[in-house]
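# Overview (structure and organization)
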Amino acid sequence: MDLNRDIINEQVDLVVGGFPCQDLSRMGKKAGLHGHQSKLFFEMLRVLHIIRPKWFLAENVSSMTWVDRDEISKYLKCNPIEIDSQELTPSKRRRLYWTNILHPNKLPKVREHISTSLQSVLEDATATEAKIGCILASNHYPGGKCQLQRVLDNSKNVLRCINLSELERIMGFTSGHTDIEFKDISKQETPSHVSSSADADEFTIDKQTKKGQDELLKIYRKIRWSLLGNSFSVQVISYLLSPLLDNMVWEGIQSFPFSEKVREIECSVMDVGEVWAVYNEHERPNWYAVILQRSGGRFSASARNGKKRLLKIEVQFLEMAYDYLVGELDAWSPLRGTGRYRLSQRTDIQDSWVSVSHRITGYSKLKRGYFVYPSKNEVWAIYQRGSERPTPLFVYVLEMKLDWNKLESTKPGKEGFKARCQLMQQTVQAETYRCTTKELEYTDLSYFSFKVPFYYVEEYGLFKLELSNKGRMSVTEDHRTRNMKKRRKYGESSDEEVEDESD
């Protein structure tokens, strides 16, 4: 579709959109962001590039793979926030939202309030559970995928499905919001539950018969249910847009650097020349590799379906410069993950995402290698030196300074490094951390071990840290271990060490 900014003669404040989840969802086709349906994301990217609104908000399922999530974040240039709608509504619906609007400071504690219960929206019925499951376009009939809980009809004392007006209120709409006239509803493709003659191309409903009227009602219900199942949770969208009620937000708005790449064929989670972090032997993602070439699809070597293009990533590892290894107990897997690196002489082929952690953005390319450092708004693991069993602290980097003119040849500790960080505190939820008010200052790069991938949860300052690769272990073979052996083989070990490793 042609879209020209010149035809819109005023400033666009906000663009809100979703894109098909069928290729992203854990229950869907799993073809990924570049699948036939979900690649509509790149059309949204194109619209943002042309319109250039002040703010945007994009939504999709949280069950997508980290590869797809990272590619979306790469081109929207922000990390998502995960919200389960049961915190604000009667329905469970865990979704990811990408936005350049500052996240609300505090999620209202209304999950257990009667106003967000399933009971609050029912008509002459009693809820058997406090919340209902996720509303999907596919669970509109009994026996459908992800069948919803039933409620007790008070007049008949029997279980029944929720009705459409109850569903509308669950999703945050008023009753009857989708109760509109659909033209040509009497002429539809043959419904899956209706048998027709083998030569019938179309199933025409006779509206004059009782059977025909029943069929119309089924189709009408399915259309309305599908519209609601594919919609947003209004309460959650209202929550995320609530900071725009503050005049200070409008006054402080800055131009957003929208992606210049928008064509699906040009976009990828991993591009040639990028530096990526790889898990080392201690499961710390502070081995680094430069991407030389990537071919095939998004599938690992375990995907033996001939229709799937197998993943193949050619990389060249970075080796830490000798002077930065001083004091490290393990030269193969140093505790530190910052400083000067040189390119190794050999390349490696990766055929799985399992060993890969994240894209590195905090680095400078030097004449003879690379210099890796912590960047603003990143989370890093900090290790205190001198302990037999070092335990990491996690910090959020607020500010960072380096003397860029000294990175090429200066000695360790003389880079003019200074970082101001906030200490992070683990909450009662697994791998969920919150920024504290405690600030720490560092002038020694060696404390910084590895960058931690994260996304936000529920509100400002609440982070979900990805501290291991357990979510990537979707194949039977341990590719990470095999690739680590390759990595050590290309290091400066003796032949005996390599032989021991291969045994």
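The text that follows walks through the structure, step by step, so that each part is easy to find.

Here is what the cut-offs are and how they apply
Residues numbered from 1 in each chain as written. Predicted model: local features only at pLDDT ≥ 70, side-chain atom pairs only at ≥ 80, totals over all residues. Heavy atoms only, no water. Helix = DSSP H or I, 4+ residues; strand = E, 2+ residues; numbered from the N terminus. Buried < 20%, exposed > 50% of the residue type's maximum accessible area, 1.4 Å probe, protein only. 1 Å grid on protein atoms, 1.4 Å probe; cavity = no way out; pocket = protein on both sides within 12 Å on 5 of 7 lines; lining within 4 Å. Points joined across faces, edges and corners; volume = space filled by probe spheres on them. Nonpolar A, V, L, I, M, F, W, Y, C, P; charged D, E, K, R; others polar. Pairing = 2+ DSSP bridges. Phe/Tyr/Trp six-rings, centres within 6.5 Å; stacked < 30°, edge-to-face > 60°. Lys NZ or Arg CZ within 6 Å of the ring centre and 35° of its normal. Axes fitted to C-alpha atoms, helices over the stretch in contact; angles between N-to-C directions. Contact = heavy atoms within 4.5 Å. Parallel < 35°, antiparallel > 145°, perpendicular 65-115°, else oblique. Expected span 1.5 Å × (residues − 1).

This part takes up unusual backbone geometry. Positive phi, close to 50 degrees, is recorded for Arg52, a residue that is not glycine. By secondary structure assignment, the location of Arg52 is in the loop between helix H1 (41-51) and strand E2 (55-61). Phi angles above zero are rare outside glycine, and Asn377 is one such case at about 70 degrees. Tracing the backbone through its elements, the reader meets Asn377 in the loop between strand E16 (369-372) and strand E17 (379-383). For Asn377, a relative accessible area of 41% gives the class partly exposed.

Let us look at the layout of surface pockets. Counted as a void, the second largest pocket has a volume near 1600 Å³. Lining the second largest pocket are 46 residues; nearest its centre among them are Lys77, Cys78, Asn79, Asn377 and Tyr456. Residue assignment for the lining of the second largest pocket shows that the elements contributing at least two residues are helix H2 (66-76), strand E14 (356-360), strand E18 (392-401), strand E20 (432-442) and strand E22 (454-457). The element that contributes the greatest number of residues to the lining of the second largest pocket is H2, accounting for five residues. Counted by class, the lining of the second largest pocket contains 20 nonpolar, 16 polar and ten charged residues.

As enumerated under the stated definition, the model contains two cavities of 30 Å³ or more in all. Roughly 60 Å³ of internal volume is contained in the largest cavity. As for the largest cavity, its lining consists of Met270, Trp276, Val278, Ala289, Ile291, Ile313, Val315, Phe317, Gln350 and Val356. In terms of residue count, the dominant contributor to the lining of the largest cavity is strand E12 (residues 312-320) (three residues).

Below, the discussion takes up the pairing of strand E4 (residues 94-99). Consecutive side chains of a regular strand alternate in pointing toward one face of the sheet and then the other. Of all the six residues making up E4, five are buried; the element is thus mostly covered by neighbouring parts of the structure. Judged from the five bridges that link them, E2 and E4 form a sheet pairing that is antiparallel. Residue pairing across strands places Asn60 opposite Leu96, the latter belonging to E4. Where strand E3 (residues 81-84) lies against E4, four bridges are found, and the strand directions are antiparallel. Paired with Ile81 across the bridge in E4 is Tyr97.

Next up on the list: the pairing of E14. With five of five residues buried, E14 lies mostly within the body of the structure. Judged from the four bridges that link them, strand E10 (residues 275-278) and E14 form a sheet pairing that is antiparallel. Opposite Val278, over in E14, you have Val356 as the bridge partner.

Moving on to the sheet that holds strand E6 (residues 151-153). With antiparallel pairing, three strands are arranged side by side in an open sheet as E5-E6-E7. A strand with exactly one partner marks an edge of an open sheet, and here the two such strands are strand E5 (125-126) and strand E7 (158-160). When E6 meets E7, the two strands line up antiparallel, connected through three bridges. Bridge pairing links Asp153 to Val158 in E7.

This next bit is on the packing of aromatic side chains. Within this structure, the stated rule accounts for 21 aromatic pairs. For the pair Phe394 and Tyr433, a centre-to-centre distance of 5.4 Å together with 70 degrees between the ring planes defines the contact as edge-to-face. In this pair, Phe394 sits in strand E18 while Tyr433 sits in strand E20, placing the two residues 39 residues apart along the sequence. Residue classification places Tyr433 among the buried positions, given a relative accessible area of 8%. Counting every residue linked through ring pairs, the aromatic cluster contains Trp380, Phe417, Tyr442, Tyr447 and Phe448. For Arg284, the ring lying beneath its charged end belongs to Tyr383, and the centroid distance is 5.9 Å.

A separate point is the sheet that holds E4. Pairing between sheet strands relies on hydrogen bonds along the backbone, with the strands arranged either parallel or antiparallel. Spatial strand order, E1-E2-E4-E3-E22-E23-E20-E19-E18-E17-E21: eleven strands in an open sheet with mixed pairing. Both edges of this open sheet fall to strand E1 (14-18) and strand E21 (448-451), since each of them pairs with a single strand only. Each strand of the sheet is rotated relative to its neighbour by a mean of 40 degrees, with strand direction disregarded. Pairing of E17 with E21, which is carried by three bridges, proceeds in the antiparallel orientation. Note on E21: the bridge partner recorded for Ala381 is Phe450. Sheet strands in contact with helix H5 (residues 234-241) are E1, E2, E3 and E4, and its direction is about 140 degrees off that of E3.

The next subject is the environment of Pro390. Structurally, the position occupied by Pro390 is in the loop between E17 and E18. Along the chain, Pro390 and Leu335 lie 55 residues apart, while their C-alpha atoms are 9.4 Å from each other. Other than its neighbours up to four places away in sequence, Pro390 contacts Leu335, Tyr383 and Gln384.

Before going further, it helps to examine the packing of H1 against H2. It is at 11 Å that the axes of H1 and H2 come closest, and there the two elements cross at 10 degrees. Comparing their axes, H2 and H1 come out roughly parallel. Each of Phe41, Phe42, Leu45 and Leu48 in H1 lies in contact with H2, whose residues at this interface are Glu71, Ile72, Tyr75 and Leu76. Class assignment of the residues belonging to the contact of H1 with H2 gives a composition of seven nonpolar, no polar and one charged.

Every buried residue of H1 is listed here: Phe41, Phe42, Met44, Leu45, Arg46, Leu48 and Ile51. Its buried side turned inward, H1 meets E1, E2 and H2. A positive phi of about 50 degrees marks Arg52, the residue just after H1.

With 20 residues, helix H4 (residues 210-229) should cover 28 Å at 1.5 Å per step; its first-to-last C-alpha distance of 28 Å lies within 8% of that length. When H4 is considered as a whole, its buried residues turn out to be Gly212, Glu215, Leu216, Ile219, Tyr220, Arg224, Trp225, Ser226, Leu228 and Gly229.

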